[in-house]
Protein chains: 2
Amino acid sequence: MTTSKVSYLTQQQAKDIDEELFNEYKFSVDQLMELAGLSCASAIEKAYNDRKKYSKCLVIVGGGNNGGDGLVCARHLKLFGYNPLIFYPKRTDKPLYKNLLLQCEKMNIEIIDKIPSETQINLIIDAIFGFGFSGEIREPFNGILKEIKILEKKIPIISIDIPSGWDVEKGPLNDNCIQPECVISLTAPKLCMKYFQGKYHFLGGRFVPKILEDKYKIILPDYMNSEQIVQI
Amino acid sequence: MTTSKVSYLTQQQAKDIDEELFNEYKFSVDQLMELAGLSCASAIEKAYNDRKKYSKCLVIVGGGNNGGDGLVCARHLKLFGYNPLIFYPKRTDKPLYKNLLLQCEKMNIEIIDKIPSETQINLIIDAIFGFGFSGEIREPFNGILKEIKILEKKIPIISIDIPSGWDVEKGPLNDNCIQPECVISLTAPKLCMKYFQGKYHFLGGRFVPKILEDKYKIILPDYMNSEQIVQI
């Protein structure tokens, strides 16, 4: 754990930084999603290093960018020696997402159509909603989050960017919200992470230019060496 | 140094694997270039860790994919705390390359128009030619490689994928060829690396699916944990 001060972003700040990376710096979604997903897999590998104990990790993929990060994460987990499964109930019709899924399929990552029983999985990776989420949780994700909630006492839950179902700024609005054991904040933590009480909080997405950090007056912990994650 | 057996690819094998990654696995150039460039920066950070001693690294960028890897590498080096400079004499007109360069420029990486004097740089990163190279070395790269050759006794040279100017299979064809201190082979080493006598040989580009390794009967050293490079 580092003790240095860390900034927490509002939803608008997170959106602004994201837009600036794409519009001003001309990063492609492919590029940043690859780095984000890699950092998620790296954090999981750090916290849940025992391949035998945590081999079967279920990645639950949402329909937006958070889901894309999840697909990339699943692929890197496979390369790291895990045996991920993907549950992707609401597929995105964009070419990038189709290709990310195809890459997983061709690497023999099993795509399943429901959450398996608790005996069949060792980790759950929540890649459902990210910092862009607002409003009502629609089906099938409302039901899926209820299923995750039931499993969370038995299986470690890892959320990408924010715990799905949480308000991006206000955190868990009620007791039905999931309480992940691990969160990988991407770019910078969002305000909701002040309410996080799990075991592991990582920062990933090591692509924010120093100039952008200064412009938005955000303080981030120092990454070590060439590492793509840092524990907060 | 690992002692396990490692495969060395012919130029045709390297091209076939590359094509399969793009055509069958539907990886985008953005994705694989990001991972390749990141692995190069990670290897440099491993071998030349002293930021003060090696701060000023000159990245010499060629007109093809090897050059693109170099641009990505420069950006990650900047994020790792180095102070890279870019020399990019023959620019590629494709949007991806323009964007990769813009990302560097916006991150205050200086773009220069000739190789600076030896007192102004601590490392030279050769991102000129990769595994696709064949035939005559044309200007301006013929002259540039001569300049690098003169500097190689004083400044460590790091080549991305293969030492530029070497035959991809037969290695250095004459004494004018550069002799880098470090090479980061991408995907798998090429046959020319059997003639490498420098200090550091890394493998990077950790994106080759196990199925593809088996199909091409290639043996690669095991990457550790979530690391993007492994020393050979």
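Rules of the game
- Residues numbered from 1 in each chain as written.
- Chains lettered and ligands numbered in written order.
- Predicted model: local features only at pLDDT ≥ 70, side-chain atom pairs only at ≥ 80, totals over all residues.
- Heavy atoms only, no water.
- Helix = DSSP H or I, 4+ residues; strand = E, 2+ residues; numbered from the N terminus.
- Rg over C-alpha atoms; globule rule 2.2 N^0.38 Å.
- Buried < 20%, exposed > 50% of the residue type's maximum accessible area, 1.4 Å probe, protein only.
- Contact = heavy atoms within 4.5 Å.
- Areas by Shrake-Rupley, 256 points an atom, 1.4 Å probe, with all protein chains shown as cover.
- Lys, Arg positive; Asp, Glu negative; His and termini not counted.
- Charge placed at Lys NZ, Arg CZ, Asp CG, Glu CD.
- Pairing = 2+ DSSP bridges.
- Axes fitted to C-alpha atoms, helices over the stretch in contact; angles between N-to-C directions.
- Disulfide = S-S within 2.5 Å.
- 1 Å grid on protein atoms, 1.4 Å probe; cavity = no way out; pocket = protein on both sides within 12 Å on 5 of 7 lines; lining within 4 Å.
- Points joined across faces, edges and corners; volume = space filled by probe spheres on them.
- Nonpolar A, V, L, I, M, F, W, Y, C, P; charged D, E, K, R; others polar.
- Least-squares fit on C-alpha atoms with pLDDT ≥ 70 in both.
- Phe/Tyr/Trp six-rings, centres within 6.5 Å; stacked < 30°, edge-to-face > 60°.
- Lys NZ or Arg CZ within 6 Å of the ring centre and 35° of its normal.
- Core = buried A, V, L, I, M, F, W, Y, C linked by side-chain atoms within 4.5 Å.
- Buried area = accessible area lost by both parts, 1.4 Å probe.
- Salt bridge = Lys/Arg side-chain N within 4 Å of Asp/Glu carboxyl O.
- Polar contact = N/O pair within 3.5 Å; in protein donor to acceptor, adjacent residues only side chain to side chain.
- Parallel < 35°, antiparallel > 145°, perpendicular 65-115°, else oblique.
- Left-handed = near helix turned anticlockwise from the far one by under 90°.

A count of helical and extended segments in chain A gives 6 helices and 8 strands. Radius of gyration (C-alpha) of chain A: 16 Å, near the 17 Å computed for a compact globule of 232 residues. Summarising its shape, the C-alpha atoms of chain A cover approximately 45 × 40 × 35 Å along the three principal directions. Evaluated residue by residue, chain A yields a buried proportion of 59% over its 232 residues. Long-range contacts, defined as pairs at least 24 residues apart, comprise 74% of the intrachain contacts of chain A with a sequence gap of at least 6. As displayed, chain A has an accessible area near 9,900 Å², and 47% of this comes from carbon and sulfur atoms. Here chain A carries 29 positive and 29 negative side-chain charges, and the mean point of each set is 3 Å from the other.

Right, let's get into the sheet that holds strand S4 (residues 123-127) of chain A. Residues and elements named next belong to chain A. Taken together, 8 strands build an open sheet; the order of strands is S3-S2-S1-S4-S5-S6-S7-S8 and the sheet is mixed. Strands at the two margins of the open sheet, each flanked by one partner only, are strand S3 (110-112) and strand S8 (229-231). Strand-to-strand twist of the sheet, defined as the mean angle between neighbouring strand axes without regard to direction, takes the value 25°. As defined by bridge partners, S4 adjoins strand S5 (residues 157-160) across 3 bridges and the pair is classed as parallel. Paired with Asp126 across the two strands is Ser159, which belongs to S5. Its contacts with the sheet put helix H5 (residues 141-151) on strand S1 (57-61), strand S2 (85-87), S4 and S5, and the angle it makes with S1 is roughly 155°.

Before going further, it helps to spend a moment on the state of the cysteines. All names here are of chain A. On inspection of all chains with the given rule, the structure shows 0 disulfides over all chains. Here Cys40 stays free of any disulfide, with the sulfur of Cys73 as its closest cysteine sulfur at 5.3 Å. A relative accessible area of 0% means that Cys40 is categorised as buried. No disulfide involves Cys57; its sulfur sits 7.7 Å from the nearest other cysteine sulfur, which is in Cys73.

All names here are of chain A. Size it by volume and the largest pocket reaches roughly 700 Å³. In terms of lining, the largest pocket is formed by 35 residues, of which the most central are Gly64, Asn65, Asn66, Gly130 and Gly132. For the lining of the largest pocket, the elements supplying multiple residues, two or more each, are helix H1 (11-23), helix H2 (29-47) and helix H3 (65-79). Of the residues assigned to the lining of the largest pocket, the class counts are 16 nonpolar, 10 polar and 9 charged.

Mapped onto the secondary structure, Arg75 of chain A falls in helix H3. Those residues in contact with Arg75 of chain A, other than ones at most four positions away along the chain, are Glu34, Leu100, Gln103, Cys104, Met107 and Ile109 of chain A together with Phe27, Gln31 and Leu35 of chain B.

Turning one copy of the chain about an axis and sliding it along that axis gives the other copy, so a rotation and a shift relate them. Aligned on chain A, chain B shows an RMSD of 0.0 Å; the corresponding rotation is 180° and the shift along the axis is 0.0 Å. Overall, the copies show the geometry of a two-fold rotation axis. A share of 100% of the interface residues of chain B reappears at the interface of chain A, consistent with the copies meeting face to face through the same patch.

Let us now look at the environment of Asp50 of chain B. With respect to the helices, strands and loops of the structure, Asp50 of chain B is situated in the loop between helix H2 (29-47) and helix H3 (51-54). Expressed as a C-alpha distance, the spacing of Asp50 of chain B and Tyr82 of chain B, which sit 32 residues apart in the sequence, is 9.4 Å.

Our focus in this paragraph is the packing of aromatic side chains. Taken as a whole, this structure holds 12 aromatic pairs over all chains when the rule is applied. Consider the rings of Phe129 of chain A and Phe141 of chain A, whose centres lie 5.7 Å apart with planes at 70°: the pair is edge-to-face. Of this pair, Phe129 of chain A sits in the loop between S4 and H5 while Phe141 of chain A sits in helix H5, and the two are 12 residues apart along the sequence. Each ring, one from Tyr200 of chain A and one from Phe202 of chain A, has its centre 6.4 Å from the other, and the planes form 20°; the classification is stacked. With respect to burial, Tyr200 of chain A and Phe202 of chain A carry one shared label: buried. Positioned above the aromatic ring of Tyr25 of chain B, the side-chain terminus of Lys106 of chain A is 5.2 Å from the ring centre.

Glancing now at the nonpolar core. Formed by 132 residues in total, the largest nonpolar core has its most connected members in Ile44, Tyr48 and Ile86 of chain A together with Ile44, Tyr48 and Ile86 of chain B. In contact with Ile86 of chain A, other than residues within four places in its own chain, are Leu58, Val59, Val61, Leu71, Ala74, Cys104, Ile109, Glu110, Ile111 and Ile112 of chain A.

Contacts between the two partners involve 33 residues from chain B and, on the opposite side, 33 residues from chain A. Summed over both partners, the interface of chain B with chain A buries about 2,900 Å², with 60% contributed by carbon and sulfur atoms. Applying the counting rule to chain B against chain A returns 2 salt bridges. For Lys106 of chain B, the salt bridge identified is with Glu24 of chain A, shortest N-O distance 4.0 Å. Taken together, chain B and chain A are joined by 10 residue pairs in polar contact (both at pLDDT 80 or more). Sorting the residues of the side of chain B that touches chain A by element identifies H2, helix H4 (65-79) and helix H5 (95-106) of chain B as the ones contributing at least two each.

Turning to the packing of H2 of chain B against H4 of chain B, a few remarks are in order. All names here are of chain B. Relative to each other, H2 and H4 sit at 55°, their axes nearing to 7 Å. Our classification of the angle between H2 and H4 gives oblique. Between H2 and H4 lies a crossing of right-handed hand. Contacts between H2 and H4 involve Met33, Glu34, Ala36, Gly37, Leu38, Cys40, Ala41 and Ile44 from the first element and Asn65, Gly68, Asp69, Val72, Cys73, Arg75, His76 and Leu77 from the second. Residues that form the contact of H2 with H4 fall into these classes: 9 nonpolar, 4 polar and 3 charged.

The general pattern is negative phi for most residues beyond glycine and trans for most peptide bonds. With an omega of 5°, the peptide bond running from Glu139 of chain A to Pro140 of chain A counts as cis. Note that Pro140 of chain A resides in the loop between S4 and H5. Even without a glycine there, the phi angle at Asn108 of chain A is positive, about 60°. Looking at where Asn108 of chain A falls in the secondary structure, it is placed in the loop between helix H4 (95-106) and S3. Residue Asn108 of chain A is classed as exposed on the basis of its relative accessible area of 54%. We note that Lys26 of chain B has phi near 60°; this positive angle belongs to a residue other than glycine. With a relative accessible area of 38%, Lys26 of chain B lands in the partly exposed category.

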